[in-house]
Amino acid sequence: MPHEVLPPDPFADDPNDPAREFAALDDPAGEPMGPDERSELLADLSDLTVYQALLEPRGVRGIVVDCGECDQPHYHDWHLLRASLEQLLNDGQMRPHEPAFDPDPALYVTWDYCRGFADGITATENAH
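Criteria and cut-off values
- Along each chain, residues carry numbers from 1 onward, in the same order as the chain's sequence is written.
- Local features in a predicted model are, by the rule used here, given only for residues with pLDDT of at least 70; side-chain atom pairs are given and counted only at 80 or more, and totals for whole chains, interfaces and linings are based on all residues.
- The side-chain values count all of the structure's non-hydrogen atoms but skip hydrogen atoms and water molecules.
- A pair of strands is considered paired only if DSSP assigns at least 2 bridges between the two.
- Labels follow the DSSP assignment, with helices taken as runs of H or I lasting at least four residues and strands as runs of E lasting at least two, numbered in each case from the N terminus.
- Centres within 6.5 Å make a pair out of two Phe, Tyr or Trp rings, where for Trp the six-membered ring is used; the pair is then stacked when the planes are under 30 degrees apart, edge-to-face when over 60, and tilted otherwise.
- Burial classes: relative accessible area under 20% of the type maximum marks a residue as buried, over 50% as exposed, and values in between as partly exposed (1.4 Å probe, protein chains only).

Can you lay out the pairing of strand β1 (residues 62–66) for me, pointing to particular residues and giving the numbers?
With five bridges joining them, β1 and strand β2 (residues 73–77) adopt antiparallel strand pairing. Its bridge partner lying in β2, Asp66 is registered against Pro73. The hairpin turn running from β1 into β2, its antiparallel successor, is six residues long, and Asp71 in that turn takes a positive phi close to 55°. Direction of pairing for β1 relative to strand β3 (residues 108–109): parallel, over a ladder of two bridges. Of the residues in β3, the one forming a bridge with Ile63 is Val109.

Laid out in structure tokens, this is it:
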């Protein structure tokens, strides 16, 4: 399956982009990703591939994450989450993206649910 990428930033070359003020607050030369962080991110991407393969055929659209900043759930479709993690791996940061439009919470599961589901499948297969 080809990796999907995030759409281009429509304000990338706009000198009047209001987000430039936020970018100035970030230190673009911040601390580079350490080897442990990189390893964890690669493991997350690998796990995501497994979770998607197991759960997408069962109608699960992606993963829900409770945001610590806004106290709201964020719904990430499989391809969007993969693109965000790959961008973090390659660029050291994630670009903002549009939230899912009117997501059905019943079609999204938590990362812990994915892990438990995969562990259950593995345990069942090993029992035979």
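Any chance you could break down the packing of aromatic side chains for me, citing the residues and the numbers?
Scanning the model with the defined rule gives three aromatic pairs in all. Each ring, one from Tyr51 and one from Trp111, has its centre 5.4 Å from the other, and the planes form 80°; the classification is edge-to-face. Of this pair, Tyr51 sits in helix α2 (residues 35–55) while Trp111 sits in helix α4 (residues 111–127), and the two are 60 residues apart along the sequence. Just as Tyr51 is buried, Trp111 falls in that class too.

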